[in-house]
Structure formats: C-alpha cells, structure tokens
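Breakdown of the fold
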Amino acid sequence: MRSAVKNFTFRRGDTPSPLGVRLSGINIRSGAIYVLPRPGDVVTWIIAWPGDKQTRTTAPNGGLVLDARSKFITWPLTADDLARLQAGQVAPFSIQRTDTSGFVRTYLTGTISVEDPPV
C-alpha cells in the first residue's frame, strides 16, 4: 500500500500554525475505516529542514501533540522553523506508525514550503 501525499505551504511573514494530521486505516476484509494511532502505537514525524533533520514522536516527551479524543496529531511550528526555508526550497517530511509488534509503516509523505507574498 502506498502512502498518501500532502504538501503544506505557508506565506512568508504569516504566523505559523501547527502542522496537523489525522491518520486512518481500512480493514481490508470488512471495509471499515479506523482512526490511528491505536493504543501502544508510536507515530514518528520526520522533517528534513535544509541542513537539519528533526524527528518528533507521540511517545512521552516526544514533541508531537496527540489529542486523545480526536487522535489529531500536531507538530507545533515556530517562525524560526519556517525561516529556515528560502522561497523555492522545500522540506520533505514523512509520518510513520510503529505498531505494538514493532512493524513500521509510512502513512504520509510530502513537503513544507514557504512562498513570498505577492508584490
């Protein structure tokens, strides 16, 4: 199964909002859709900023925020994070889930970019 793709674009000078995703899966036999992560799973989000790769997880003190009710996962961005990118540059990212058996699967890949405001 291929991972989904999502590209986030911010406008230079805007106040950054957190990156956020909600992962889901599908039961092949029943067709039922379920929300991830499941109890015991760890989600890892990796961003390859120019010259610096950052990894955050849903593990305790891992840096990602997981809403227990909605399962929405956020990476709080700062203005300094976005200042790393020049116009035209992108920071690739991937989001993986490690289940309780240790199996790792990539669910989402994409890029983060910053565009200069129109003149």
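Residues take numbers from 1 onward in each chain, read along the sequence in its written order. Where totals are concerned, whole chains, interfaces and linings use all residues; where local detail is concerned, this predicted model gives features only for residues with pLDDT of at least 70, and gives and counts side-chain atom pairs only at 80 or more. Side-chain descriptors were evaluated using all non-hydrogen atoms of the structure, hydrogens and water having been removed beforehand.

By volume, the largest pocket amounts to about 230 Å³. Note on definitions: the grid is 1 Å and covers protein atoms alone; a cavity is a set of points where a 1.4 Å probe fits but cannot get out; a pocket is an open set with protein on both sides within 12 Å along at least five of seven lines; lining residues have an atom within 4 Å of a point. Along its surface, the largest pocket is lined by 12 residues, and Ile26, Tyr34, Arg97, Arg105 and Tyr107 are the ones closest to its centre. The way it works is that DSSP assigns letters per residue, a run of H or I at least four long becomes a helix, a run of E at least two long becomes a strand, and they are numbered from the N terminus. Within the residue set of the lining of the largest pocket, elements represented by two or more residues are β3 (24-26) and β10 (104-115). Residues are grouped as follows: Ala, Val, Leu, Ile, Met, Phe, Trp, Tyr, Cys and Pro are nonpolar; Asp, Glu, Lys and Arg are charged; every other residue, Gly included, is polar. Per-class residue counts for the lining of the largest pocket are six nonpolar, two polar and four charged. Grid points are joined across faces, edges and corners, and a volume is the space filled by probe spheres set on the points.

Take the packing of aromatic side chains next. Only Phe, Tyr and Trp rings are paired, with Trp represented by its six-membered ring, and only when their centres lie within 6.5 Å; those with planes under 30 degrees apart are stacked, over 60 edge-to-face, the remainder tilted. Across all of its chains, the model carries three aromatic pairs by this definition. A ring pair is formed by Phe8 and Phe93, whose centres lie 5.7 Å apart and whose planes are at 45°; its orientation type is tilted. Placement of Phe8 in strand β1 (residues 4-11) and of Phe93 in strand β9 (residues 90-98) is noted, with a sequence separation of 85 residues between them. Of the two residues examined, Phe8 and Phe93, each falls in the buried class. Taken together, Phe8, Trp45, Trp75 and Phe93 form an aromatic cluster joined through their ring pairs. Two limits define a charge over a ring: the Lys NZ or Arg CZ must be within 6 Å of the ring centre, and within 35 degrees of the ring normal. The ring of Phe8 has Lys6 lying over it, and the distance from NZ or CZ to the ring centre is 5.4 Å. In this arrangement the basic side chain of Arg38 is found over the ring face of Tyr34, its NZ or CZ atom lying 3.9 Å from the centre. Burial classes follow relative accessibility: with a 1.4 Å probe on protein chains only, a residue under 20% of its type's maximum area counts as buried, one over 50% as exposed, and anything between as partly exposed.

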